[in-house]
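Observations on the model geometry
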Amino acid sequence: MTNTFFQPVSAMELARFAGIPTFMRLPSMTLDHERIAEVELGLVGIPWDGGTTNRPGARHGPRQLRDFSTMIRAMNPVTGVAPFSLVNCADLGDVAPNPVDIGDTLERVTAFYSDLQVRGITPLTAGGDHLTTLPVLRALAKPGPLGLIQFDSHTDLFDTYFGGHKFTHGTPFRRAVEEGLVDPKRFVQVGIRGTAYNTEDIEWGEAQGIRFIRIEELFDRGIDDVMTEVRSIVGTAPTYCTYDIDFVDPTYAPGTGTPEIGGPNSFQAQQVIRKMAGVNLVGADLVEVAPPFDPEGGTAWLGISLMFELLCVLAQAVDARRS
């Protein structure tokens, strides 16, 4: 029976433009809330972009995503998934970042998500730049290395930036593999494109066993075929999904730090997520929405719509593990 406490506020009871905006109008809860033990899936913001190397702004992403999420309704009409009825969901607020200290912020994020893991709460995160995924993986991979599905224009597999600095939004997945958080043979990147500094990131990744699916291959083979391969790569073991909004063509998502032309349209951006149904997902994130570069909010509207798609496949995974 559906737990009414964890249902979003209905627009038939409170207009969408009214009230305090939480993710998808869900109840707002802190980790010391009296009903926190009932939460199965938590939506979290990481408002931090201290790893950005060029155009900052993703620190403002979670707030705008929450605002636009008031438009999200209760059911996915294509897949039939009603995530808020399937599992208990709540907005668990933001991780409090330290805007002047990268190392401290990473530790704060890992501590927060370690607490979620102990409580058995599966996280869906709104970033933040892409470095924010690394400390989340540090928490979720404590039982063992995870598979990773990455939708992105960029590999984020570089070693260092600016004379040896190892923690930027261009390095998180190099660190994740090095730290044993991700099994590189169960790691696939989809949508890679754009001009390059060199091929060092690709060569290093291929040497580890990472599978790269460039945008040309995605379009040549089609989404169904590619996502069948993606599911086979990660298999049935625990897997994380990270979705950079710059995976989508900037015609549809201009509000991001490093846009790359030649990407999927908004419908294709939804399709790749729907094709993850059945994957044993233990968490997911959507990162790099930067409101200053799209003040009208079209990128945020696309971003929160994609987060709803992620929520649907995550809810299915939580329900499958519970069964």
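Above this text you will find the structure in question.
Here's a quick rundown of the structure.

**Considerations on the environment of Glu107**
Mapped onto the elements of the fold, Glu107 is located in helix α3 (residues 102-119). In the structure, Glu107 is positioned 97 residues away from Trp204 in sequence and 27 Å away in space, judged by C-alpha atoms.

**Some words on the nonpolar core**
The biggest cluster of nonpolar side chains holds 55 residues, and the ones touching the most others in it are Met24, Leu41, Phe151, Tyr243 and Met276. In terms of residue count, helix α10 (residues 298-322) provides more of this core than any other element does, 14 residues in total. Discounting chain neighbours no more than four positions away, the residues touching Met24 are Pro8, Leu43, Ser69, Ile72, Phe84, Ile304, Met307, Phe308 and Leu311. Counting 38 residues, the second largest nonpolar core, distinct from the first, contains Phe6, Val39, Tyr113 and Ala139.

**Quick notes on α10**
Here α10 spans 36 Å end to end across 25 residues, near enough to the 36 Å set by a 1.5 Å rise per residue. Among the 25 residues that make up α10, 18 are buried, leaving the element largely enclosed by the rest of the structure.

**So, the pattern of salt bridges**
For the structure shown, the criterion picks out 22 salt bridges. Arg59 is the partner of Asp49 in a salt bridge, and the nearest nitrogen-oxygen pair spans 2.6 Å. Highlighted residues: Asp49 in the loop between β1 (41-46) and α1 (61-68) and Arg59 in the loop between β1 and α1, separated in sequence by 10 residues. Of the charged contacts in the structure, one is a salt bridge between Glu217 and Arg221, with a shortest N-O distance of 2.7 Å. Residue Glu217 and its partner Arg221 are located together in helix α7 (residues 215-221), separated by four residues, close to a single helical turn. Under the relative-accessibility criterion, Glu217 is labelled partly exposed at 23%. Residue classification places Arg221 among the partly exposed residues on the basis of a relative accessible area of 30%. Within the structure, one salt-bridge network assembled from shared partners comprises Asp159, Lys166, Arg174, Arg175, Glu178 and Glu200.

**Observations regarding the side chain of Glu229**
Structurally, Glu229 can be placed in helix α8 (residues 223-234). Reaching out from Glu229, the side chain makes a polar contact with the side chain of Arg221 at a distance of 2.7 Å.

**What to know about α3**
For α3, spanning 18 residues, the distance from its first C-alpha to its last is 26 Å, which sits close to the expected 26 Å at 1.5 Å a residue. Every buried residue of α3 is listed here: Thr105, Leu106, Val109, Thr110, Phe112, Tyr113, Ser114 and Leu116. Those residues of α3 that are buried are in contact with β1, β2 (89-94), β3 (122-127) and α4 (133-140). At the N-terminal end of α3, a side-chain oxygen is found 3.1 Å from the backbone nitrogen of Gly103, two or three residues along, and the residue is Asp101.

**Structural notes on the packing of aromatic side chains**
Summed over all chains, the structure comprises 10 aromatic pairs. Geometrically, the ring pair formed by Phe158 and Tyr197 is edge-to-face, given 6.0 Å between the ring centres and 75 degrees between the ring planes. Taken together, the residues span a long stretch of sequence, with Phe158 in the loop between β4 (146-151) and α5 (172-178) and Tyr197 in the loop between β5 (182-192) and α6 (200-208) at a distance of 39 residues. With a relative accessible area of 14%, Phe158 lands in the buried category. Its relative accessible area of 70% is what places Tyr197 among the exposed residues. Grouping aromatic residues by their ring pairs yields a cluster made of Phe158, Tyr161, Phe162 and Tyr197. In this structure, Arg35 is placed above the aromatic ring of Phe5, and the distance from its NZ or CZ to the ring centre is 4.3 Å. Taking the ring centre of Phe293 as reference, the NZ or CZ of Arg55 above it sits at 3.9 Å.

**Notes on the side chain of Thr125**
If you trace the backbone, Thr125 turns up in strand β3. Using a relative accessible area of 2% as the deciding quantity, one classes Thr125 as buried. Apart from residues no more than four positions distant in its own chain, Thr125 is found in contact with Val44, Ile46, Tyr113, Tyr240, Ala284, Asp285, Leu286 and Met307.

**A short note on unusual backbone geometry**
Backbone geometry follows two general trends: most residues other than glycine have a negative phi, and most peptide bonds adopt the trans configuration. Residues Gly127 and Gly128 are joined by a peptide bond in cis, for which omega reads 15 degrees. Unlike most non-glycine residues, Asp156 shows phi in positive territory, near 55 degrees. Mapped onto the fold, Asp156 is located in the loop between β4 and α5. Of note, Phe162 is a non-glycine position whose phi angle comes to about 50 degrees, a positive value. Counting through the fold element by element, Phe162 comes out in the loop between β4 and α5.

**Some thoughts on the pairing of β3**
With six of six residues buried, β3 is to be regarded as a mostly interior element. Along β3, one buried face is formed by Thr122, Leu124 and Ala126 and the opposite face, lined by Pro123, Thr125 and Gly127, is buried too. As paired elements, β1 and β3 share six bridges and run parallel to each other. In the strand pairing of β3, Leu41 is matched with Thr122. Note that β3 and strand β8 (residues 281-287) share three bridges and pair parallel. Residue pairing in the sheet places Leu124 in a bridge with Ala284 of β8.

What counts and how
Residues numbered from 1 in each chain as written. Predicted model: local features only at pLDDT ≥ 70, side-chain atom pairs only at ≥ 80, totals over all residues. Heavy atoms only, no water. Helix = DSSP H or I, 4+ residues; strand = E, 2+ residues; numbered from the N terminus. Core = buried A, V, L, I, M, F, W, Y, C linked by side-chain atoms within 4.5 Å. Buried < 20%, exposed > 50% of the residue type's maximum accessible area, 1.4 Å probe, protein only. Contact = heavy atoms within 4.5 Å. Expected span 1.5 Å × (residues − 1). Salt bridge = Lys/Arg side-chain N within 4 Å of Asp/Glu carboxyl O. Polar contact = N/O pair within 3.5 Å; in protein donor to acceptor, adjacent residues only side chain to side chain. Phe/Tyr/Trp six-rings, centres within 6.5 Å; stacked < 30°, edge-to-face > 60°. Lys NZ or Arg CZ within 6 Å of the ring centre and 35° of its normal. Pairing = 2+ DSSP bridges.

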